[in-house]
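# Structural overview
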Amino acid sequence: MLADRAVTAAAMPGPCPVIETSRLVLRPHRMQDADAIATSLGDFAVARMLTRVPVPYDREDGRDWLNMVTSGLKPDWHFAITLDGVHVGVVSLELRHGLWNVGYWLNRFYWGKGLMSEAVDAALERFFRRMAGIEIASGAFADNPASRRVLEGRGFRVIGMRDVYSKARGQMVPLVEMRLGQTDFATRTHKP
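Here's a quick rundown of the structure.

## Some words on unusual backbone geometry
Note the cis peptide between V55 and P56, where omega equals 0°. For P56, the position within the fold is in the loop between α2 (44–47) and α3 (59–69). Of note in this structure, D84 is not a glycine but carries a positive phi near 55°. On the secondary structure map, D84 appears in the loop between β3 (77–83) and β4 (86–96). A relative accessible area of 73% means that D84 is categorised as exposed. One non-glycine residue, H97, lies in positive phi territory at about 55°. Considering the arrangement of structural elements, one finds H97 in the loop between β4 and β5 (99–106).

## Thoughts on helix α4 (residues 115–130)
The end-to-end C-alpha distance of α4 is 23 Å, a good match for the 22 Å that 16 residues give at a rise of 1.5 Å each. Among the 16 residues of α4, twelve are classified as buried, and the element is accordingly described as predominantly covered. Among the residues of α4, those classed as buried are L115, M116, E118, A119, V120, D121, A122, A123, L124, R126, F127 and F128.

Cut-offs used in this document
- Residues numbered from 1 in each chain as written.
- Predicted model: local features only at pLDDT ≥ 70, side-chain atom pairs only at ≥ 80, totals over all residues.
- Heavy atoms only, no water.
- Helix = DSSP H or I, 4+ residues; strand = E, 2+ residues; numbered from the N terminus.
- Buried < 20%, exposed > 50% of the residue type's maximum accessible area, 1.4 Å probe, protein only.
- Expected span 1.5 Å × (residues − 1).

Below, the structure written as structure tokens:
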């Protein structure tokens, strides 16, 4: 089954670009981002909505993650979301099991301002220019309606629900699974 979705080396997006929106700069990560990442993910309100983030989360966890994402060994795009030069979150497009996935998080003090919608929209728009015709997977915990609204506003459609393990919560959590095609994104109703 996974072999049916395999992505060849010719179908890779290339290096992570820098993207400027009306309020944000999305850029590749740097090792200097470790403190900002640790501060944001050290907040349980943020970490509890993610599947792979341990609690507690510290600077060394941030450095370990940055070592992986800045190595250039994977085709993934991991954007630092910056506002006025300050690292406030992450939006990533990762190739997992032959399927591209978008994931994101935002420092709690920046919630409710439309920043994540703006960042995800910009990242997807650039990604689809490089990777036309692919489908992107994502999801949100059932108890995270704000994250589902971000995805729905970009054109994602619900395809099902399953339980996944949340490291931060230390338990299984219901995840609403979603998918997005380029046509869905082009015809979305909540354009920035």
